[in-house]
Amino acid sequence: MSAKDAPPPLPEPLLVEVADSHTHLDMQSGTVEEALARAAAVGVTTVVQVGCDVKGSRWAAETAAAHPSVHAAVALHPNEAPRIVLGDPDGWSRQGARDAGGDAALDDALAEIDRLAALPHVLGVGETGLDFFRTAPEGTAAQERSFRAHIEIAKRHGKTLVIHDREAHADVLRVLDEEGAPERTVFHCYSGDAEMAEICAAKGYYMSFAGNVTFKNAQPLRDALAVAPLDLVLVETDAPFLTPAPFRGRPNAPYLIPVTVRAMAAVRGIDENAMAEALAVNTARAFDY
């Protein structure tokens, strides 16, 4: 294993326990038990395991049922909806190449997400939203239909909506306005600027910051974090993606949350314990646990 592929070392533990508000344990190496133990060793004692397709959402629900420190969110990722409807000839997703299933196949998948969303240990419906980076224009209708359905599911079951918004800020905000956002809405891996943070704050949306807030070129994210109300800020890994500096490019995992928490505290000009305290309280409120 080259140094670039090696997992980063355990950071100094946080003194105040926090939650990783968005992770993908099913995409990380090692067992769930190992990941949770490493995280707990540095003060990360709760994780929200997020599904991106039917299979991953079932896994998230089962894993949350088996581990008290794991909560689940279930959904079809924005890029999953067009794959179901239009097919995935390149096999870009984890399922490999797929044939087009049309609207009926999307309805079937949404029905399964609806069933999973009713489970008590499933606290969120997500990650859903819009992604204009990965999906071609012909896929946007399926994305938006799926997003609207997820909003309805979240509201009907009283669950938190977890949003994936990639290069689609205005349209995500528009759909939320048109449908009426659930009581608790989280922008996962917040990617907007300070101006958008003010819009989200006015609407009471939570903004969850990932390891990319530490990247050199991410000043607009730090500006957003600086103006976001402290009681609407969460932290996440989105592991195995978005590993914080100085470990960028190496595998991410929930145990690296302290690196991002310390960077966030520096941006806010508060000490890390105060930052961790706010994050812990906010995550519990955002996911109602």
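Residues numbered from 1 in each chain as written. Predicted model: local features only at pLDDT ≥ 70, side-chain atom pairs only at ≥ 80, totals over all residues. Heavy atoms only, no water.

Asks: Explain the packing of aromatic side chains to me, using residue names and the numbers behind them.
Replies: Scanning all chains against the criterion turns up two aromatic pairs. Ring geometry for Tyr190 against Phe209: centres 5.5 Å apart, planes inclined by 50°, an arrangement best described as tilted. With Tyr190 in the loop between strand 6 (185-187) and helix 7 (194-203) and Phe209 in strand 7 (residues 206-209), this residue pair connects regions lying 19 residues apart in the sequence. Comparing Tyr190 with Phe209 shows no difference in burial state: the two are buried. Across from the ring centre of Phe133, 3.6 Å away, lies the NZ or CZ of Arg166, which sits over that ring. The ring centre of Phe215 lies 3.7 Å from the NZ or CZ of Arg248, which sits over that ring. (Phe/Tyr/Trp six-rings, centres within 6.5 Å; stacked < 30°, edge-to-face > 60°. Helix = DSSP H or I, 4+ residues; strand = E, 2+ residues; numbered from the N terminus. Buried < 20%, exposed > 50% of the residue type's maximum accessible area, 1.4 Å probe, protein only. Lys NZ or Arg CZ within 6 Å of the ring centre and 35° of its normal.)

Asks: Which residues make up the environment of Ala60, and what are the values?
Replies: Among the secondary structure elements, Ala60 is positioned in helix 2 (residues 54-66). We classify Ala60 as buried; its relative accessible area is 0%. Along the sequence, Ala60 and Gln49 sit 11 residues apart, while their C-alpha atoms lie 5.8 Å from each other. For Ala60, the residues in contact, after removing those within four places along its chain, are Gln49, Gly51, Ala72 and Ala73. (Contact = heavy atoms within 4.5 Å.)

Asks: Account for the nonpolar core, naming residues and giving values.
Replies: Phe147, Leu176, Phe187, Tyr190, Phe209 and Met264 are the most contacted members of the largest nonpolar core, which totals 83 residues. The element best represented in this core is helix 4 (residues 102-117), accounting for six residues. Each residue touching Tyr190, except ones within four places of it in the same chain, is listed here: Met196, Ala197, Cys200, Met207, Ser208, Phe209, Leu221 and Ala224. (Core = buried A, V, L, I, M, F, W, Y, C linked by side-chain atoms within 4.5 Å.)

Asks: Residues and numbers for the state of the cysteines, please.
Replies: Inspection of the entire model under this criterion finds zero disulfides. In this structure Cys189 is a free cysteine whose sulfur lies 12 Å from that of Cys52, the closest cysteine sulfur available. (Disulfide = S-S within 2.5 Å.)

Asks: Please give an account of the sheet that holds strand 1 (residues 18-23) that cites residues and values.
Replies: Reading across from one edge, 1-2-3-4-5-6-7-8 is the order of the eight strands in this open sheet, with parallel pairing throughout. The sheet is open, and its two borders are formed by strand 1 and strand 8 (233-235), each paired with just one other strand. When the angles between neighbouring strand axes are averaged without regard to direction, this sheet yields 30°. Taken together, the four bridges between strand 1 and strand 2 (residues 44-50) define a ladder with parallel strand orientation. Note on strand 2: the bridge partner recorded for Val18 is Val44. (Pairing = 2+ DSSP bridges. Axes fitted to C-alpha atoms, helices over the stretch in contact; angles between N-to-C directions.)

Asks: Quick one: what's the story with the pattern of salt bridges, residue by residue and with numbers?
Replies: Counted under the stated rule, the structure contains 18 salt bridges. Glu80 is the partner of Arg98 in a salt bridge, and the nearest nitrogen-oxygen pair spans 2.9 Å. Taken as a pair, Arg98 in the loop between helix 3 (80-86) and helix 4 and Glu80 in helix 3 lie far apart in primary sequence, 18 residues in all. There is no split in this pair, since Arg98 and Glu80 are both buried. The salt bridge partner of Arg145 is Asp107, with a shortest N-O separation of 3.0 Å. On the criterion of sequence distance, the pair formed by Arg145 in helix 5 (residues 140-157) and Asp107 in helix 4 is long-range, its members being 38 residues apart. The exposure class assigned to Arg145 is partly exposed, which follows from its relative accessible area of 30%. What makes Asp107 partly exposed here is its relative accessible area of 41%. Each member of the salt-bridge network shares a partner with another, and the members are Glu144, Arg148, Asp171, Arg174, Glu178 and Glu179. (Salt bridge = Lys/Arg side-chain N within 4 Å of Asp/Glu carboxyl O.)

Asks: Any chance you could break down a negative patch on the surface for me, citing the residues and the numbers?
Replies: Judged by side-chain charge, Asp193, Glu195, Glu198 and Asp223 come together as a negatively charged surface patch. When you line up the elements, Asp223 lands in helix 8 (residues 219-227). Among the residues examined, Asp223 registers a relative accessible area of 36% and is labelled partly exposed. (Patch = residues over 30% accessible without salt bridge, like charges linked within 9 Å, V, L, I, M, F, W, Y side chains within 5 Å. Areas by Shrake-Rupley, 256 points an atom, 1.4 Å probe, with all protein chains shown as cover. Lys, Arg positive; Asp, Glu negative; His and termini not counted. Charge placed at Lys NZ, Arg CZ, Asp CG, Glu CD.)

Read these as geometric descriptors, not functional statements.
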